Amino acid sequence: MNTFTLKMIALFFMLIDHIGYYFQGTPLLFRIIGRGAYPLFLFCMVWGYHYTKNRSMYLLRLYLMGIFMAVFRYFIDIFFVAGFGYGNHNIFVPLLLVGIFISAFEQFEKNVQKGFLILGGLFIIQLLVFILPSLFPSLLLFHDELRTAFLPNLFINEYGFEFIALGVLMYFLKEKKELFCAMYLSFCLYQFSKEFSSFGGIIQTFMVFALPFMMYYNREKGPGMKYFFYFMYPAHTFLFFYLANFTSLPHIFFVSS
């Protein structure tokens, strides 16, 4: 499987997941299937980051898309007031942070000072996330997602720090299949333990089923349609949000809970 095929599979999982997210009455299976989406996108990102000729532009695209998604949500919340909101959909912030950590760790092998510079800059950003609202209280009028899009925070993002750590581990183990599998299965086991101990549903654990797709990756790019995926992310979430809240579609196809 090439990168394009993996992204299409991840896109399919994401569409199923967001149908389950927005439309009441859909089976829990929809959300379970969706657990495979982010790990596959993350896997494609780390290989894309490995092969890209311009990492600065790669990170800049992620940063700008993260800002776009946060601003997009901000205006949706203003102009499309609904009982079930648009929600936090911003995969780009955690992907950006994965890329920054990868660059920092690789720099430590080449130039320790540059490595510390990158991590130091990231540390300052973490401080600013908490300091700026106290200096400028008006910033509290904006939701966390909007603030963390401009100042990427390790914990205030859609997937949290543990999935950022997963992405970094994926990168450095990507060419060591046995260790990669052991790491990924251990992470899934951790998710199971966390979900089981919280007495919630066992859902995130099913990300384990993304692993076989990763193992069939052939390191080929496939059709170059990266902007298609950038477009589909906001397009499908808004479409589902609109259909679920402002049309009769949910009452026709889904049983209300």
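Up top is the structure these notes are about.
Let us look at the structure shown here. (Residues numbered from 1 in each chain as written. Predicted model: local features only at pLDDT ≥ 70, side-chain atom pairs only at ≥ 80, totals over all residues. Heavy atoms only, no water.)

1. As for the overall build of the protein
Reasoning step 1: Within the protein one finds 12 helices and 0 strands.
Reasoning step 2: Ordered by position from the N terminus, the helices and strands of the protein form the series α-α-α-α-α-α-α-α-α-α-α-α.
Reasoning step 3: Considering only C-alpha atoms, the protein reaches an extent of 60 × 50 × 40 Å along its principal axes.
Reasoning step 4: By residue count, 43% of the 257 residues in the protein fall in the buried class.
Reasoning step 5: For the protein, the proportion of contacts with a sequence separation of at least 24, taken over those separated by at least 6, is 73%.
Reasoning step 6: Of the roughly 13600 Å² that the protein leaves accessible, carbon and sulfur atoms contribute 71%.
Reasoning step 7: Here the protein contributes 17 positively and 12 negatively charged side chains, and the mean placements of these two sets differ by 8 Å. (Helix = DSSP H or I, 4+ residues; strand = E, 2+ residues; numbered from the N terminus. Buried < 20%, exposed > 50% of the residue type's maximum accessible area, 1.4 Å probe, protein only. Contact = heavy atoms within 4.5 Å. Areas by Shrake-Rupley, 256 points an atom, 1.4 Å probe, with all protein chains shown as cover. Lys, Arg positive; Asp, Glu negative; His and termini not counted. Charge placed at Lys NZ, Arg CZ, Asp CG, Glu CD.)

2. A word on helix H1 (residues 3–22)
Reasoning step 1: Relative to the 28 Å expected for 20 residues at 1.5 Å per residue, H1 spans 28 Å between its end C-alpha atoms, a close match to the ideal helical length.
Reasoning step 2: Most of H1 is tucked away, with 14 of its 20 residues classed as buried. (Expected span 1.5 Å × (residues − 1).)

3. What about the pattern of salt bridges?
Side chains carrying opposite charge are able to pair once their charged atoms draw close together.
Reasoning step 1: Applying the stated criterion across every chain yields a total of 8 salt bridges.
Reasoning step 2: Two residues, arginine 219 and glutamate 175, come together in a salt bridge whose shortest N-O distance is 3.3 Å. In this pair, arginine 219 is assigned in the loop between helix H10 (211–215) and helix H11 (226–246) and glutamate 175 in the loop between helix H8 (160–173) and helix H9 (177–197), connecting sequence segments 44 residues apart.
Reasoning step 3: Beyond isolated ion pairs, a larger network of salt bridges with shared partners links Asp17, Arg31 and Arg35. (Salt bridge = Lys/Arg side-chain N within 4 Å of Asp/Glu carboxyl O.)

4. Re the environment of cysteine 188
Reasoning step 1: The topology assignment puts cysteine 188 in helix H9.
Reasoning step 2: Its relative accessible area of 3% is what places cysteine 188 among the buried residues.
Reasoning step 3: Separated by 181 residues in the primary sequence, cysteine 188 and lysine 7 have C-alpha atoms spaced 21 Å apart.
Reasoning step 4: Filtering out sequence-adjacent residues up to four positions away, cysteine 188 remains in contact with Thr205, Met207 and Val208.

5. Quick look at the environment of leucine 122
Reasoning step 1: Along the polypeptide, leucine 122 turns up in helix H6 (residues 112–135).
Reasoning step 2: For the pair leucine 122 and methionine 14, spaced 108 residues apart in sequence, the C-alpha to C-alpha distance is 30 Å.
Reasoning step 3: Aside from chain neighbours lying at most four places away, what touches leucine 122 is Leu97, Ile100, Phe101 and Leu154.

6. Describing the packing of H8 against H9
Reasoning step 1: Between H8 and H9, the least distance of the axes is 9 Å, while the angle of their chain directions is 165°. In terms of orientation, H8 and H9 fall into the roughly antiparallel class. Seen from above, H8 lies across H9 with left-handed handedness. In contact with Glu162, Phe163, Leu166, Leu169, Met170 and Leu173 of H8, H9 contributes Leu179, Phe180, Met183, Tyr184, Phe187, Tyr190, Gln191 and Lys194.
Reasoning step 2: Per-class residue counts for the contact of H8 with H9 are 11 nonpolar, 1 polar and 2 charged. (Axes fitted to C-alpha atoms, helices over the stretch in contact; angles between N-to-C directions. Parallel < 35°, antiparallel > 145°, perpendicular 65-115°, else oblique. Left-handed = near helix turned anticlockwise from the far one by under 90°. Nonpolar A, V, L, I, M, F, W, Y, C, P; charged D, E, K, R; others polar.)

7. Some details on the nonpolar core
Reasoning step 1: Counting residues in each nonpolar core, the largest one holds 64 residues, and the members touching the most others are Leu166, Met170, Phe180, Tyr184 and Met214.
Reasoning step 2: Residue assignment for this core shows that the elements contributing at least two residues are H1, helix H3 (37–51), helix H4 (55–79), helix H5 (92–110), H8, H9, H10 and H11.
Reasoning step 3: Broken down by element, this core gets its largest block of residues, 11 residues, from H3.
Reasoning step 4: Apart from the residues lying within four places of it in its own chain, the contact partners of methionine 214 are Pro39, Leu40, Phe43, Met170, Phe180 and Tyr184. (Core = buried A, V, L, I, M, F, W, Y, C linked by side-chain atoms within 4.5 Å.)

8. Overview of the side chain of glutamine 204
Reasoning step 1: Relative to the elements of secondary structure, glutamine 204 occurs in the loop between H9 and H10.
Reasoning step 2: Apart from residues lying up to four places away in sequence, glutamine 204 is in contact with Arg35, Phe163, Gln191 and Glu195.

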